[in-house]
Amino acid sequence: MRQGHFLNLLLAGGLALPMLCGAARANPVVLFDLKSGKVLEHQDAFKRWYPASLSKLMTAYVTFRAIGAGEVALDSPIKVTKHSAGEPPSKMGFKPGSVMRLDNALKMMLVKSANDIAMAVGENIGGSQEAFADRMNAEAARLGMTGTHFVNPNGLYSPDQYTTARDLAVLVTALRNDFPQYAPWFSIEGLAVGKKALPNYNLLIGRYPGADGMKTGFVCSSGFNMIGSATRNGRTLVAVVLGEKSAISRAEAAAKLLDQGFDTPAAGSTTLAALKPYGDTLSPNDLHDEICKKKTKEEQSEAAPTVDAKNKPKSPYQVKLDHPTLIAVGLGGATGPAPKAFVDQTDQNYADVPLPTWRPAKAAN
């Protein structure tokens, strides 16, 4: 049997085959061509994994659908609730009651990976965290993300929030194809909030030629996740990398996949739609102790490790951008229609609050 034919049979059968890198990888990866859907490499593509902040891509997708349906507009108000303000970092730290435009909220969520803002977006558009998670799961089911389940909009650890590399590839395809008008948001180099500059955690942006997206994620149990995309000569490739050991190694792993993909334009004989489940699809892979047990707080961060001025960076993805293009975001300016679900939920909450009474009872006049 010819070798090429044998490889095609393996791919058609949905078997993991690290075609481009030679040695087998220890973590899930998918590399695919966005336009054709052809899979250039995959390994453990159906392995259950904790998505961490990659969940925010589904939060964005649900929100884009809500905008398209007329539920909200880009200038609709997003109010920070007490619950959302209490979410742990990474966060913006706005006080409860603060209000911002929806488009600014989404940019903070995608670039800064702000957990408080993602929760605020979910609560405002869904009416509650639970209701928004229901919408996330409904979209996942509609898109065919068969190995995915959500319970929150920001990706903070829950044993019931999981996905697969293949499902994330499906989500990216829907995001980029259904809502191309928002594609520039995934390649923002940094945000300006007043005088403060917030760089994008995606270290490919501004450093890897053609990089144009999309998101990073980290919790101890997932390790360092990344979806990196790049476009060259009209061809867009997307690398999904899960479970890397650091912010630098995930950027390097994604860049290496993209490099090899651009070097082999004819590769890929199966598509995301045709890829069949394989391997263990039910057992979660928890990296908590390996990633965080003996690591410093700085190492348990989405941000790249700092480099002493006297030392040369060990990686090109550790180099700070000289003059990053910053997009200004902040509070205020929300003149659009308020999200109906949030208004209804707020009215209901107020209706359930008993009328105040004097304590002790006020003396009769």
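Sequence order as written defines the numbering, with residues in each chain counted from 1. Only residues with pLDDT of at least 70 get local features here, since the model is predicted, and only at 80 or more are side-chain atom pairs given and counted; chain-wide, interface and lining totals rely on the full set of residues. Working from all heavy atoms in the structure, the side-chain values ignore hydrogens and water.

Things to note about the environment of phenylalanine 94
We count it as follows: By the criteria applied, helices consist of DSSP H or I runs no shorter than four residues and strands consist of E runs no shorter than two, each listed in order from the N terminus. A 1.4 Å probe rolled over the protein chains alone gives each residue an accessible area, and that area as a share of the maximum for its type sets the label: buried under 20%, exposed over 50%, partly exposed in between. The criterion used for residue contact is that any of the two residues' heavy atoms lie within 4.5 Å.
Relative to the helices and strands, phenylalanine 94 is located in the loop between helix H3 (82-85) and strand S4 (99-101). Accessibility expressed as a relative area gives 14% for phenylalanine 94, which makes it buried. Distance in space between the C-alpha atoms of phenylalanine 94 and glycine 330 is 9.8 Å, their sequence separation being 236 residues. Setting aside residues no more than four positions away along its own chain, phenylalanine 94 makes contact with Val80, Ala85, Met100, Met108, Asp116, Ile117 and Leu331.

Some points on the sheet that holds strand S5 (residues 190-193)
Basically, it comes down to this: Two strands pair if DSSP finds at least two bridges between them. Lines fitted to C-alpha atoms define the axes here, with helix axes fitted over just the stretch in contact, and angles between the N-to-C directions of these axes take values from 0 to 180 degrees.
Within the open sheet, the 3 strands sit side by side as S6-S5-S11. Their pairing is mixed. The two strands at the open ends of the sheet, each matched to only one other strand, are strand S6 (196-199) and strand S11 (326-328). Going from strand to strand, the sheet's axes swing by 30° on average, the running direction of each strand aside. Against the sheet, helix H4 (residues 102-112) makes contact with S5, S6 and S11, and its axis sits at roughly 125° relative to S5, the strand it touches most.

Side note on the pairing of strand S1 (residues 29-33)
Each regular strand carries side chains that alternate between the two faces of the sheet. For S1, the buried fraction is high: 5 of the 5 residues fall into the buried class. Burial along S1 is two-sided: the face carrying Val29, Leu31 and Asp33 and the face carrying Val30 and Phe32 are both buried. Direction of pairing for S1 relative to strand S2 (residues 38-43): antiparallel, over a ladder of 4 bridges. Its bridge partner being in S2, valine 30 is matched across the sheet by histidine 42. Where S1 folds back on S2, the antiparallel hairpin that results is connected by 4 residues, among which glycine 37 adopts a positive phi of roughly 75°. Alignment of S1 against strand S9 (residues 235-244), held across 5 bridges, turns out to be antiparallel.

Some points on the sheet that holds strand S10 (residues 270-271)
If you trace the 6 strands from one edge of the open sheet to the other, you get S7-S8-S9-S1-S2-S10, paired in antiparallel fashion. Among the strands making up the open sheet, the edge pair consists of strand S7 (211-219) and S10. In this structure, S2 lies alongside S10, joined through 2 bridges in antiparallel fashion. Across the sheet, residue valine 39 finds its bridge partner in S10, namely threonine 270. Of the strands in this sheet, S1, S2, S7, strand S8 (223-232) and S9 are in contact with helix H8 (residues 247-263), which crosses S9 at around 145°.

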